[in-house]
Amino acid sequence: MKIDVGLAFLRRYWLWCVVAFFAVLHIFIFTRVFQSIDNADVELYFNYASNIMSGQIPYRDFTMEYPPGALLVFLLPRLFASTLEVYGPAFALTMLAFDLACLFMIISLARRLKLAVVPTLIIYSLVVISVGSIGVQRFDFAPAALSLAAVFAFGRGNYKSSWALVAVGTLIKLYPIALAPLFLIYQWRHQPWRSIVAPVLVCGAVLVCAMLPFFVLSPSGFTNAFSLQSGRNLQIESFYASLLFMSHALGGSTVAVFFGPVSWDMTSRYAAGIASISLVAMFFAAATVYYTYFLPYRWKQAISVGPPEPPALGRLVNFSLLLVIVLLMTSKVVSTQFIVWLLPFVPLVSGRARHAVWPIFIVAGLLTWYIYPLHYGDLYDLYVLPMQALFLRNIILIIIAFWLWEAREPELGSEEMMERLLPNCA
């Protein structure tokens, strides 16, 4: 009798049981497997938060290299931790909270995309484990969760909220703003143009209201934070640097590693020239992704006020992942923690690329773990094996981007597409 009651309970509340299991699993991973102590970056975040707690104003009273929204992420664990020894675990719990938020959104999006929930959560757990402790040593889970939240809100038809979340994510790390053109293209196709105005204004208002006070208090300090990023050298984990590393290993151009203003960078005969044109490469690469996403929408189709259908939402998720990978592979600034930006989207890939993407991404994650923290110092000394691991990691990410691009699928079947296109062309 008790067995029957238990089985009935599981049948009725199976999803909640699954959620509880994976939530406990991630709590264990973040608190027992990952290590967050003795980390220079966490100490930096602690110092920033302590400066603010003492009444100092960012950009005016102390230099900070991050957008103003990152301050909230730094401050949250500082409210409960007055020492660095306590701040490290508190910061790890903050990243755990963003991870669990991703977990819940992935469940909802998986059901919306008609993906099996349990395999999707297994994939997410595996990709999180594969990148190692970097998830609790940096704050990149915050913008990653907000990027997923923007897509999540967009998938539910909450367009103003999705644009607002893009703005909030941009205030923490700049890259979420790259999702905005994907949203714009979709809304242009499906909705009257007037309905696009309000979400765009909401996004702009959030950005202006958050940034303007800091700019008014210290124009030079605020602009220097962004000019510092744009003027950085070629970082050693970038795709360009991995090519130069391999050239050096094969007896080609000589390279050297040095510590720049905020990161370990590379100098060589070609490094400065590559760094100077990387922004142009990023622009054209992103424009190519946007144009590819736009191609099926050359004719504006029937207006729909409802949320995106599963094929359209799946296409948006795939292109969001493709876009972020393309930006990473064409940027001169690539740090280890940036791979966290990809984690929430990998398990939600749908279509023909799904079963190819996540296994090879786990390999990329493990290579990232091998590079940092295990053998990062060996890159400074130009050891061959870490250089090869870095090159292979970047090649794998490019392969994933190619698969996502090659397996791109219209959100409608070809017959349905023609049925909707012909009346508009008549």
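Structure: see above.
Residues numbered from 1 in each chain as written. Predicted model: local features only at pLDDT ≥ 70, side-chain atom pairs only at ≥ 80, totals over all residues. Heavy atoms only, no water.

### Focus: the overall build of the protein
In terms of regular secondary structure, the protein is built from 19 helices and three strands. Across the 426 residues that make up the protein, the buried fraction comes to 53%. Here the analysis covers contacts within the protein between residues at least 6 apart in sequence; of these, 77% occur between residues at least 24 apart. If you sum the accessible surface of the protein, you get close to 19,100 Å²; carbon and sulfur atoms cover 69% of it. (Helix = DSSP H or I, 4+ residues; strand = E, 2+ residues; numbered from the N terminus. Buried < 20%, exposed > 50% of the residue type's maximum accessible area, 1.4 Å probe, protein only. Contact = heavy atoms within 4.5 Å. Areas by Shrake-Rupley, 256 points an atom, 1.4 Å probe, with all protein chains shown as cover.)

### Observations concerning unusual backbone geometry
Going from Tyr372 to Pro373, the amide bond is cis rather than trans, its omega being 15°. Relative to the helices and strands, Pro373 is located in helix H16 (residues 354-374). Phi angles above zero are rare outside glycine, and Lys114 is one such case at about 65°. On the secondary structure map, Lys114 appears in the loop between helix H5 (84-112) and helix H6 (117-131). The class for Lys114 is exposed, based on a relative accessible area of 67%.

### A word on the side chain of Ser242
With respect to the helices and strands, the residue Ser242 is situated in helix H13 (residues 239-249). Side chain to side chain, Ser242 and Asn394 meet in a polar contact 3.2 Å long. Leave out the neighbours within four places in its chain, and Ser242 touches Leu390, Phe391 and Asn394. (Polar contact = N/O pair within 3.5 Å; in protein donor to acceptor, adjacent residues only side chain to side chain.)

### Side note on the packing of helix H10 (residues 180-190) against helix H15 (residues 310-330)
Between H10 and H15, the shortest axis-to-axis distance is 10 Å and the interhelical angle comes to 155°. In terms of axis orientation, H10 runs roughly antiparallel to H15. Between H10 and H15 lies a crossing whose hand is right-handed. Across the interface between the two elements, Leu182, Phe183 and Tyr186 from H10 touch Ala312, Leu316, Phe319, Ser320 and Leu323 from H15. Of the residues that constitute the contact of H10 with H15, the class distribution is seven nonpolar, one polar and no charged. (Axes fitted to C-alpha atoms, helices over the stretch in contact; angles between N-to-C directions. Parallel < 35°, antiparallel > 145°, perpendicular 65-115°, else oblique. Left-handed = near helix turned anticlockwise from the far one by under 90°. Nonpolar A, V, L, I, M, F, W, Y, C, P; charged D, E, K, R; others polar.)

### Thoughts on the packing of H10 against helix H14 (residues 271-294)
Orientation of H10 relative to H14, taken along the N-to-C sense of each, is 20°, at an axis distance of 10 Å. When the interaxial angle is binned, H10 and H14 end up roughly parallel. Read as a crossing pair, H10 and H14 show a hand that is right-handed. Contacts between H10 and H14 involve Pro181, Leu182, Ile185, Tyr186 and Trp188 from the first element and Tyr290, Tyr293 and Phe294 from the second. Class assignment for the residues of the contact of H10 with H14 results in eight nonpolar, no polar and no charged.

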